[in-house]
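Inside the fold
This is what each chain is made of:
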Amino acid sequence: MEFALLFKILIVVGVFVLTLLVALYSTWAERKVSAIMQDRIGPNRAGPFGLLQPLADGVKMFMKEEIIPGQANRALFILGPCLAMLTAGMTSAIIPWGDVITINPESVPFSEYFTFGESKTYIVQAADINIGILYAFGVVSVGVYGIMIGGWASNNKYSLLGAIRASSQMISYELAMGLSMIAVIMMTGSLSVREIVEQQDGFNWNIWYQPLGFIIFLICAFAETNRAPFDLPECETELIGGYHTEYSSMKLGFFLFAEYFNMFISCAIIAAVYFGGYNFPFMHDLGLSDNAIAIIGIFVFLGKVIFGILFFMWIRWTLPRFRYDQLMKLGWQILIPLAIVNLLFTGLGIIVFK
Amino acid sequence: MLLYLFYILSAITVGCALLTIFSKNPVYSVLFVIATFFSIAGHFILLNAQFLAIVQVIVYAGAIMVLFLTVLMYLNLNKSVESSKPLLIKIAAMVSGGLLFLVLIASFKSGLSIAPTSVRGDAGLIKNLGNTLFTEYLFPFEATAVLFLSTMAGAITLTRKK
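1. Comments concerning the overall build of chain A
The number of helices and strands found in chain A is twelve helices and two strands. Starting at the N terminus, the α and β elements of chain A follow one another as α-α-α-β-β-α-α-α-α-α-α-α-α-α. A compact globule built from 354 residues would reach a C-alpha radius of gyration of about 20 Å, and chain A, at 22 Å, matches this within 12%. Judged by the C-alpha coordinates and their principal axes, chain A covers about 60 × 55 × 45 Å. Within chain A, the fraction of its 354 residues that count as buried is 53%. Counting only carbon and sulfur atoms, one obtains 70% of the accessible surface of chain A, whose full area is about 16,400 Å². Looking at charge distribution, chain A has the averaged site of its 20 positive side-chain charges lying 11 Å from that of its 25 negative ones.

Here's what the structure looks like:
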């Protein structure tokens, strides 16, 4: 068996398991964070510190009775949560989790069973495609179908309103998101996420050059993941449960879980594009080998992502929900013009300083 | 291998396109159009044009069809809205459809004569595409941009309240 292929399979499986685990424990962390912020204790019954709570939740979800409403469109009703999960899991392929790792054939156990190709350096990433960041945008823009189809197929007015809100919200905020990302692409000159990360060597992060772009991107990320203060599609004070009002059992679980999946992925993209990815300050002054730096880099990257997730939760439990017209006004009349201004100033800066 | 992929993709594309027309439920039609767009993106990838493939997904599947679906959701689909059309409209539709078919056949006939080897394999990569767009085809590119802008301004003027 070819070793490069084995390494790729390991990375893909590892990334998938990691994404699942982080998303799973995000649900636990969300409860703990909200509990701390509201001066409560939070889940503490299942396991130490309630650490087995996600498992208990999962079992509960699977055991519940499944109800498909009589007037609902059966096929599309089932397709909705499937699509939400599928698109949520697709983006993690282009995220560079770490730098290149050099592996000598002698140091690999059972190396006589593998064939080694030309290259001995392996990237810690599932796929380094030259249009990586656009791929992420493509998947995000398709991601709304799960909510829309599920909401429409439920044959419920509240679900339908939630689905319509979700679609118009996502279309509106995608524009500002794309415009703020174009400024970074102009600076980097590449659409590959790996190249964007490589250019932020050490402490030379993109956030120092793109503070406004970062804020716009962050706000849009909140809107795209349907997190508070933009969780209007599932706004329970107006729409009962929004697009998942009629869902029960694990189908509901998938919808809820996809949100945490998306949150993890958007934090990873923010960390990679604006916070230097696996780069950390003074990484070349430690006197460590390249492999050691690469492995530390993976943990640094995960640390940045987890910090991002905690930030998302902090915002959720701090800010009240927007009203729908305020949401549209913010998207179209404030964020998009700001993103265009940011784009112009970035272009000016590139001409003046390079 | 590539040839088989092409055949499978083509079968999916044509099948989904046909299902789009023959579906009774408009929501199914929209979903099949989305599937068609995805398989066309697959064709672009087979032609080594990743940028075009991803733009196809973002623009058509991700933005335009979301708008279509949103508009469809506002409609009451339980009522049958299919009313019988007058004979004149039927004839007009037949004539214009036939003319479109004629144009398509003509364009395919002239298109088939291009030998596949005369197209560069890396023409669809973003760098080459950008170079071509901003040097050789700069004027048509900018003209299209102005056209889109005027369309946008027109739509806003039409919907604006006095």
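2. With respect to the nonpolar core
Among the nonpolar cores identified, the biggest contains 118 residues, and Ile133(A) and Phe301(A) are the most heavily contacted of them. In this structure, Ile133(A) is in contact with Met181(A), Ile185(A), Leu191(A), Val193(A), Ile269(A) and Val273(A), ignoring residues within four places of it in sequence.

3. Details of the environment of Glu142(B)
Residues and elements named next belong to chain B. By the secondary structure assignment, Glu142 is in helix 6 (residues 138-159). According to the relative accessible area criterion, Glu142 is partly exposed, its value standing at 38%. Linking Glu142 and Ile89, residues 53 residues apart in sequence, is a C-alpha distance of 37 Å.

4. Section: empty space enclosed by the protein
Residues and elements named next belong to chain A. Counting across every chain of the model gives one cavity of 30 Å³ or more. The computed volume of the largest cavity comes to approximately 380 Å³. Together, 26 residues line the largest cavity, and Val140, Met170, Glu224, Thr225 and Asn262 are the ones closest to its centre. For the lining of the largest cavity, the secondary-structure elements that each account for two or more residues are helix 3 (74-90), helix 4 (132-142), helix 6 (157-188), helix 8 (211-224) and helix 10 (249-274). When residues of the lining of the largest cavity are assigned to their parent elements, the largest contribution, seven residues, is made by helix 10.

5. Observations regarding the packing of helix 8 of chain A against helix 10 of chain A
All names here are of chain A. At their nearest, the axes of helix 8 and helix 10 sit 11 Å apart, and the two run at 170 degrees to each other. Here helix 10 runs roughly antiparallel to helix 8, going by the angle between their axes. Residues Gly213, Phe214, Phe217, Leu218 and Ala221 of helix 8 touch helix 10, and the partners they reach there are Ser266, Ile269, Ile270 and Tyr274. Residue composition of the contact of helix 8 with helix 10, by class: seven nonpolar, two polar and no charged.

6. Considerations on the layout of surface pockets
Approximately 2,400 Å³ is the volume attributed to the largest pocket. Considering the residues around the largest pocket, the lining is formed by 47 residues, among which Ile182(A), Phe51(B), Val55(B), Ile58(B) and Val59(B) are closest to the centre. Among the elements of the structure, helix 4, helix 6 and helix 12 (324-353) of chain A together with helix 3 (50-74), helix 5 (126-135) and helix 6 of chain B are those that each provide at least two residues to the lining of the largest pocket. It is helix 6 of chain A that provides the largest number of residues to the lining of the largest pocket, a total of eleven residues. Considering only residue class, the lining of the largest pocket consists of 33 nonpolar, ten polar and four charged. Counting residues domain by domain, the lining of the largest pocket receives three or more from each of domain 1 (1-78) and domain 2 (119-162) of chain B. The calculated volume of the second largest pocket comes to roughly 840 Å³. Every element with two or more residues in the lining of the second largest pocket is listed here: helix 1 (3-37), helix 2 (53-63) and helix 10 of chain A. The element that contributes the greatest number of residues to the lining of the second largest pocket is helix 10 of chain A, accounting for eight residues. Here the lining of the second largest pocket is built from residues that sort into twelve nonpolar, nine polar and eleven charged.

7. Considering helix 3 of chain B
An ideal rise of 1.5 Å per residue puts 36 Å on 25 residues; helix 3 of chain B measures up with 35 Å between its terminal C-alpha atoms. At Met65(B), helix 3 of chain B shows its maximal bend, which comes to roughly 30 degrees.

8. Re a nonpolar patch on the surface
A contiguous nonpolar surface patch, about 710 Å² in accessible area, is contributed by Val341(A), Phe345(A), Leu348(A), Ile351(A), Val352(A) and Phe353(A). Relative to the assigned elements, Ile351(A) resides in helix 12.

9. Things to note about the pairing of strand 2 (residues 121-124) of chain A
Residues and elements named next belong to chain A. Here strand 2 shows a buried face lined by Tyr122 and Val124 and an unburied face lined by Thr121 and Ile123. In terms of strand pairing, strand 1 (residues 98-102) meets strand 2 through four bridges, oriented antiparallel. Considered in strand 2, the bridge of Val100 is made with Ile123.

10. Thoughts on the interface of chain B and chain A
In this assembly, 24 residues from chain B lie in contact with 22 residues from chain A. In total, about 2,000 Å² of surface goes out of reach between chain B and chain A, with carbon and sulfur atoms giving 79% of it. Contact with chain A buries area across many residues of chain B, yet Ile54(B), Val66(B) and Met73(B) alone supply 30% of it, more than any other trio. Inspection of the region where chain B meets chain A yields four residue pairs in polar contact (both at pLDDT 80 or more). Those elements that provide at least two residues to the side of chain B that touches chain A are helix 2 (26-46) and helix 3 of chain B. With 15 residues, helix 3 of chain B is the largest single contributor of residues to the side of chain B that touches chain A. Here the side of chain B that touches chain A is composed, by residue class, of 20 nonpolar, four polar and no charged.

11. Description of the side chain of Thr36(B)
All names here are of chain B. Within the element layout of this structure, Thr36 appears in helix 2. Judged by its relative accessible area of 10%, Thr36 is buried. When neighbours within four sequence positions are excluded, Thr36 is seen to be in contact with Thr13, Cys16, Ala17 and Thr20.

12. Things to note about the domain arrangement of chain B
All names here are of chain B. Under the domain assignment, chain B is made up of domain 1 (1-78) and domain 2 (119-162). On a C-alpha basis, the centres of domain 1 and domain 2 stand 22 Å from each other. Counting from both sides, the interface comprises six residues of domain 1 and, opposite them, five residues of domain 2. Broken down residue by residue, the surface that domain 1 buries against domain 2 is led by Asn48, Phe51 and Leu52, which jointly contribute 76%.

Cut-offs and rules
Residues numbered from 1 in each chain as written. Chains lettered and ligands numbered in written order. Predicted model: local features only at pLDDT ≥ 70, side-chain atom pairs only at ≥ 80, totals over all residues. Heavy atoms only, no water. Helix = DSSP H or I, 4+ residues; strand = E, 2+ residues; numbered from the N terminus. Rg over C-alpha atoms; globule rule 2.2 N^0.38 Å. Buried < 20%, exposed > 50% of the residue type's maximum accessible area, 1.4 Å probe, protein only. Areas by Shrake-Rupley, 256 points an atom, 1.4 Å probe, with all protein chains shown as cover. Lys, Arg positive; Asp, Glu negative; His and termini not counted. Charge placed at Lys NZ, Arg CZ, Asp CG, Glu CD. Core = buried A, V, L, I, M, F, W, Y, C linked by side-chain atoms within 4.5 Å. Contact = heavy atoms within 4.5 Å. 1 Å grid on protein atoms, 1.4 Å probe; cavity = no way out; pocket = protein on both sides within 12 Å on 5 of 7 lines; lining within 4 Å. Points joined across faces, edges and corners; volume = space filled by probe spheres on them. Axes fitted to C-alpha atoms, helices over the stretch in contact; angles between N-to-C directions. Parallel < 35°, antiparallel > 145°, perpendicular 65-115°, else oblique. Nonpolar A, V, L, I, M, F, W, Y, C, P; charged D, E, K, R; others polar. Domains from an automatic or database assignment. Expected span 1.5 Å × (residues − 1). Bend = angle between axes of the 7 residues up to and from the residue. Patch = residues over 30% accessible without salt bridge, like charges linked within 9 Å, V, L, I, M, F, W, Y side chains within 5 Å. Salt bridge = Lys/Arg side-chain N within 4 Å of Asp/Glu carboxyl O. Pairing = 2+ DSSP bridges. Buried area = accessible area lost by both parts, 1.4 Å probe. Polar contact = N/O pair within 3.5 Å; in protein donor to acceptor, adjacent residues only side chain to side chain.

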